[in-house]
Every structure is written in structure tokens, then in C-alpha cells.
Amino acid sequence: MSGGPGIGKSALLREVADRAAARGFAVGVGGGVDGRQPPVFLPWAQALRGVAGTADEAAVVAAFAPYGNLPAVLDPALAEVLPLPAPERLADAELARSRLYQGIVDGLRRLSATTPVLLVLDDAHHLDNPSTTLLTLCSRSLAGSGITLAIGYRPGELDAEAPVADAVTALAASAHAVHLRLPGLSTEDIAALGARYTERALPDETVRVLADRTGGNPFFVGELLQVLAAEHALDADAARKLVPARVQEVLRRRLGRLPEQLRAVLAVAAVLGREFEVPVLHEMTQIDELDLYDTLDIAVAAGVLVAADDPARLRFSHDLLRQTAYLEQGPLRRARLHARAARAVRDGGGSATAVAAHLRLALPVVAALDVAPVLADAGGEAYERTAHAEAAALLREAVAVLLTAAASQERDVLELDLRVRLAFTMQATDGYLAEPVAEQYALMEPVLRRVRPVPRIVPALWGYASFHTVAGHPDKVEAMAPPDGAGEPWARIVADVHAGYWALGRGDVPGARRLLRRALDALPDTDLPLFPVIGWDPIAGILGPAAATESLAGDRAAAEAHLAEARRRRGELFNEMYVVHYTALVAADRLDAPEVEAA
């Protein structure tokens, strides 16, 4: 039986031994011991003691009579159990060892002629060399005997240079062998086990998380379920975070047996996630490419990594293993590796979402002023996928990260950018004047008052002015603007545009025309950045209502000129919709029904 630690080999071997004993077998159970110099013959000494204790004493004595009490050579306690003379002493050590091997094997075969024998050797990957030799000799003598040999081992922990690796491989390939590669538990098994531990049905998502994190390993599943049940937390989020101490210790020992370079590579890979791109790992480690692939091949052979669907990707066999490798490193080292991962993912053309996943964990190695914009870009990607709740959550996280930075003009400008993005996102989902939107504009107000009105803050100024204009508070917009000719023009331009909106909405066409013309005349000869989230050009935002106002005032040529310029502006779908909307309004003023319908 083969499989990783905790997969159930020992439990299954115990069940085999119990059933065999119930059927009258003489049963001997032994196991390898982890260590650089494991005790010689200990597994066989344990097994022979079990055979002597479960078989008829007379039958055991008769079986070993030609050789004397050889079992007592391995387990001195048997000298008092088996009434046999001591074996003959031989001066030649090699001959004595050969006689010992042959006598043990032949004695067991003779015993099996009258009593079926089951020999169980667990943790065979830890067998000492003499025990391995005895195992090989015994296995070659199984044919025609009444001996059944049951062996459990971990393929990932077989030392390729040790004799036991060749012995176990030969045994598994034997015509007499049945090789059971123990799989992990299915989701149905995990659900049933969960019901036993918690006395209620687990949520389906929790079952899926447990299966993914543990690879179905029964020991790991059981440990996680015990903690979840004790904490009365059976939700999927709780299952994602747990790394029980006993599980971590088992996995730490497993990782500790791997070559040093492989452990270092796995530590870096653990930062990249459960599944990772090998080229990104290569970029992070800077190891020679062939050396890296050789190292990863060892990890795959050890069962630590498995192939993914994409040939350029690998994945940890289960997430608990990845998390153990991850937690083995100190927090500052993890942060540095996340910073390196973010650069590698970005340089490889990765999405802002993928880069942000690392940068948020790179604090404080990476400055908050560098992390927050990437989180905002990730929010933009979520918005494009119409994952609006995720977009808003990422933008809130970006604001929280940013506010850990020292106060500065740069922080203020970036805070306005993040808050207006959040406001635009929530306006699209919660409503233009929704309370969460109002909260963001209220938080922006003191920042707008103290920051120098540079082009980068125009979206925030505009959003603030539009919100308060629609809400019926044009005075708040005017309060943000300096007197004519004082300081930067942007706040005055935004105030004039929205005062023009307000006048137009109340039928004051001359007043609206004057204000919008003044705003257009004051525009510097430069483009403004598109508004975040909606991809809107604010200059088109002036030209559209200016066209409608000129049309209402009777200057159709000026109206058409404004619309033509607005159509030339760059922008995204929202921008196009906005310009077409004003095209329809101007056409309606001319009573041009076909153009209205076309628009």
C-alpha cells in the first residue's frame, strides 16, 4: 500500500491485521523508524514477537527447531517465550548473518504450512538495510507458502539511493503483488465524515474547500473537522484559513526530508499560490532553467507537486502543503517574496488582479502609495467583469491601504482618485444619490479644500460637483471654486459648468450659455485624463450641454461645431452614449424626428 502521510495506510493495515487474526492467522506487525540510523532489525523483531504471540507455541517451536531460537536473536524477549535452544554460534560474521536470514525465512515458511501467517511492515520507506535484505529474501520465498506480506510505504519519502527503494519497487512489480495506491477521500466521503464529526450536514462549499485543501487526505480532513467542530465554525471561509498544528508538524517533517534546493524553490512557489506558472517561478528564483526543471521533477516524483492542465503550470498536491511551506518563512521574507512575485507577474503581462494579490501581502516592504493604485486597477478589472461588489471591495481596500501612508499632496490626490472611483462604482449599482455615494463625497470634501487643483483631481471635482448639483446643492459646488482669475483654473471651470447645468435646468438659457462659454474659453490647451471606471472625457462633458444651450439660443452652427468636436474626443462607450444623447437633444430642438430616432 502506498500513499502520502495521513492517507490511511496504517489504519488499513491495522484493519487487515485484525481481520487476519480473526480468521486464525498468526499475525506479526512491525514498522520502520524515522531516523538517520534506525534500529537494526527492529521491524522484524516486532513482527516475530507478534507471530510468537498469536500462533500456537508448539507450531512455532517446531518451525524453528532446526535453527534454534533465531527469533530471539532479533528480539531477546523471545528467549523466555519460545522453549528453543540458542542457535549455533558461528565465528564468521557473514556466515552467521546469512544463517540468520535463511533461518528466519525458512522458519516462517515451515510455520505457514500449519498456520497461515500475515507479516505487516508499515512505514517501509524507513527500513534499515538489514531489515530490507530480510524483506527481499522473504518476498522471494512467498510462492507456494502460506505467508501473506502486507507493506505500507510513502513513495515520496523513498530515498532513491537506499536499498529499500529498489526492494519496494521490485516487490510492487512482483507477479504475486497487489499494489494499492490509496486515493484521497471523495467529496461524498468528506461530507459523510463531516456529519460524523459535527453531527450535522456540512455546507457543500465547505466540503469542496476541505477536498481542495487536503487532497482528500483522511488525517488532514479529520484534523480540520475537529477544529471546525470545536470552534462551531463550519463555513467555507473558516475551512480556508485553518492549518491545525498536528497537520503542520506532519507536513513540516515531510518537507524537511526534501533536498535543500527543492525546499528553497517550494518556499518561493508557495508564495505564488496553489497553482503557479513555471516561467514566473523561474523569474523569481533566477536559477538556471535546466536546474530548476530538474528540481521540480524531484518535487513531482515526491508527490509534492502535480502537473496542471497547462503544461507551463504546476500545482501543489494540496493547499495545506503549500500553506505549510509558506508559513515556514518569516513574515518579512514572505513580504519580500510577494513583492518579487508582483514584479514577475507584472513583467509577464499578468492582470492587475494577479499583481494586486501579491502587493497587498508585500506591505510594508512595498510602500502603500505603490500598492493602492494597483488595488484600484484590480477594482477596474472587476468592474469590467460586472463584478461590482468585488470592485467596490477592492477600492475600499485601496483606500484603507493608502491611509496608512504619511500625509502628503500625493496621498491627497490619490485618495480623491480612489474615492471618486468608489463613488462612480456605487452610483452604477446603488443609485446616483445613494447614501454610500454621499458618504464618499462627504469624505472627499476636506481633501478637495486643501489639495492644489491639478488636472489629476478633475474627476473628483467633477464627481463632487455633479452629485451636489443633482442633489440640489449648487452652493456647495460654488464654494469649492476660487474667485475668477485666482489660482489654477480647474475648480472654477468645474463650478461654471455645473452652474450652467443648474441654470439650464431652470430655463435660464442665457445664463447657462454665458457660464458654459466661459468654461470652454478657460480650458487650457491640453487634454484631461479620462474619468476612471466610466472612461468619460470631461471636455466632451462641457461640449455636450454647450451644444444644447447654443441650439436653444438659436445658434445652430455653434451647436453643430460643439457636437462635432465632442465626437472627435476619445473615450469609451459611456462617452459615446453621452455625446449621442446631446446629439438627440439638439436634433429635437430642430424638430428633426428622423435624426432623433437615429440617435
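Residues numbered from 1 in each chain as written. Predicted model: local features only at pLDDT ≥ 70, side-chain atom pairs only at ≥ 80, totals over all residues. Heavy atoms only, no water.

A. How the structure looks around the sheet that holds strand S4 (residues 275-277). The three strands lie next to each other as S4-S6-S5, forming an open sheet whose pairing is antiparallel. In the strand order of this sheet, the two ends are held by S4 and strand S5 (305-307), each with one partner. Taking the axes of each pair of neighbouring strands and ignoring which way they run, one obtains an average angle of 35 degrees across the sheet. Across three bridges, the pairing between S4 and strand S6 (residues 313-316) is antiparallel. (Pairing = 2+ DSSP bridges. Helix = DSSP H or I, 4+ residues; strand = E, 2+ residues; numbered from the N terminus. Axes fitted to C-alpha atoms, helices over the stretch in contact; angles between N-to-C directions.)

B. Expanded view of the environment of Gly 215. In this fold, Gly 215 is placed in the loop between helix H9 (204-214) and helix H10 (218-230). We classify Gly 215 as partly exposed; its relative accessible area is 38%. For Gly 215 and Gln 427, which are 212 residues apart along the polypeptide, the C-alpha to C-alpha distance reads 43 Å. Apart from residues no more than four positions distant in its own chain, Gly 215 is found in contact with Gly 184, Leu 210, Ser 317 and His 318. (Buried < 20%, exposed > 50% of the residue type's maximum accessible area, 1.4 Å probe, protein only. Contact = heavy atoms within 4.5 Å.)

C. Up close: the pattern of salt bridges. Under the definition given, this model contains 39 salt bridges. Between Arg 213 and Asp 319 there is a salt bridge, with the nearest N and O atoms lying 3.6 Å from each other. In this pair, Arg 213 sits in helix H9 while Asp 319 sits in helix H16 (residues 319-327), placing the two residues 106 residues apart along the sequence. Summarising the burial analysis for this pair, Arg 213 and Asp 319 share the class buried. Between Arg 313 and Glu 277 there is a salt bridge whose closest N-O contact spans 3.2 Å. Here Glu 277 lies in strand S4 and Arg 313 lies in strand S6, a separation of 36 residues in the sequence. Using a relative accessible area of 22% as the deciding quantity, one classes Arg 313 as partly exposed. One network of salt bridges, with partners in common, ties together Asp 34, Arg 154, Glu 157 and Arg 257. (Salt bridge = Lys/Arg side-chain N within 4 Å of Asp/Glu carboxyl O.)

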